[in-house]
Amino acid sequence: MDSIEVTKSIVEFLGKACGENCEIVLQDLREGKMEIVAIANGHISGRTVGAPPTDLALRMMAQEEWKTRDYVCNYEGKTRDNRHLHASTFFLKNEKKDKLLGMLCVNIDTSKYTQLSEAVLKLAGLGSLKDIKPSEEFQAENFYENMEEIIKSVLREMGVGGQTHHRLSQEERLTIIERLMEHGIFLLRGSVSSVAEKLHCSEASLYRYIAMVNKRKTYKQ
């Protein structure tokens, strides 16, 4: 039994042991997989088995964050209804530790505690927890139900929307594709056809743009 299957068998246990305010998620990141394969207390983020990795997970993969550490703790996650989560991720690697197999994620919904803390601080006249800035090491992690939402999110972040895709220059397309690559979008199955459709170009053209971006990166190095 491989490490993914072993970890998969304890997800439900961890969910029950940690309580209903703690979501446990196992993401299988092996080639051809790239999806959630086990989840406990999924009501917290609204995700189910088969949902894609988060935007942060994809960035960690694209930037090979897992090669220099075994886990990441205490960063911010954000649900679709804008609740903030206290998140941590453990990287599952092969025996040689040169290949990422998956991620075991723990997301704690602290909203009830935050509300209680805010009430206490207000009574004491000590300000608000909102004045406390989270760690800047990672951007807030966002949870999505499908790949399309991730791609649209990155395009919106770049100010690309509506019918403007028809009028994009080659340089603008290359910039967009480079940003999508940084976010690890092309690690997802079906991403090439989806991005090509949104940028109104053929898959062959998109592959050509990706090759051009990779060539630029190699030249810069």
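Rules used throughout
Residues numbered from 1 in each chain as written. Predicted model: local features only at pLDDT ≥ 70, side-chain atom pairs only at ≥ 80, totals over all residues. Heavy atoms only, no water. Helix = DSSP H or I, 4+ residues; strand = E, 2+ residues; numbered from the N terminus. Contact = heavy atoms within 4.5 Å. Core = buried A, V, L, I, M, F, W, Y, C linked by side-chain atoms within 4.5 Å. Buried < 20%, exposed > 50% of the residue type's maximum accessible area, 1.4 Å probe, protein only. Polar contact = N/O pair within 3.5 Å; in protein donor to acceptor, adjacent residues only side chain to side chain. Pairing = 2+ DSSP bridges.

Participant: What should I look at first to understand the overall build of the protein chain in this one?
Facilitator: Secondary structure summary: the protein chain contains 8 helices and 6 strands in total. Counted from the first residue to the last, the protein chain has its helices and strands arranged as α-α-β-β-α-β-β-β-α-β-α-α-α-α. For the protein chain, restricting intrachain contacts to residue pairs at least 6 apart in sequence, the fraction spanning at least 24 positions comes to 58%.

Participant: Honestly, the nonpolar core in this entry has me stumped. Any pointers?
Facilitator: Considering soluble globular proteins, one finds that nonpolar side chains tend to be buried as a cluster. Grouped together as the largest cluster of nonpolar side chains are 42 residues, with contacts concentrated most on Met 103, Ile 177, Ile 185 and Leu 206. For this core, the elements supplying multiple residues, two or more each, are helix H3 (55–62), strand S3 (71–78), strand S4 (84–93), strand S5 (100–109), helix H5 (147–157), helix H6 (170–182), helix H7 (191–198) and helix H8 (203–220). Look past the residues within four positions of Leu 206 in its chain and what remains in contact with it is Ile 177, Phe 186, Val 192, Val 195, Ala 196 and Cys 201. Counting residues in hydrophobic clusters, the runner-up holds 11 residues, among them Ile 4, Ile 24, Ala 38 and Leu 104.

Participant: Even after reading the chapter, I still don't get the environment of Arg 189, so can you show me in this structure?
Facilitator: Its place among the elements puts Arg 189 in the loop between H6 and H7. Along the backbone, Arg 189 and Pro 52 are 137 residues apart, and their C-alpha atoms lie at a distance of 9.8 Å. With sequence-adjacent residues up to four places away left out, Arg 189 is seen in contact with Gly 32, Lys 33, Glu 35 and Met 147. Reaching out from Arg 189, the side chain makes a polar contact with the backbone oxygen of Lys 33 at a distance of 3.0 Å.

Participant: Just checking my understanding: could you explain the pairing of S3 for this structure?
Facilitator: Every regular strand shows the same layout, with side chains that alternate between the two sheet faces. Judged from the 6 bridges that link them, S3 and S4 form a sheet pairing that is antiparallel. Within S4, the residue paired with Glu 76 across the bridge is His 86. From the end of S3 to the start of S4, which pair antiparallel, there are 5 residues, and Asn 82 there has a positive phi angle of about 70°.

Participant: Would you take a moment to explain the sheet that holds S3 for this structure?
Facilitator: Consider a sheet: its strands pair through backbone hydrogen bonds, and that pairing is either parallel or antiparallel. Read from one edge to the other, the open sheet built from 6 strands follows the order S2-S1-S5-S4-S3-S6, with strand pairing classed as mixed. Looking at strand neighbours, the two that pair on one side only are strand S2 (35–40) and strand S6 (141–142), the edges of this open sheet. Here S3 pairs with S6 via 2 bridges, running parallel. In the sheet register, Lys 78 faces S6, and the bridge partner there is Asn 142.

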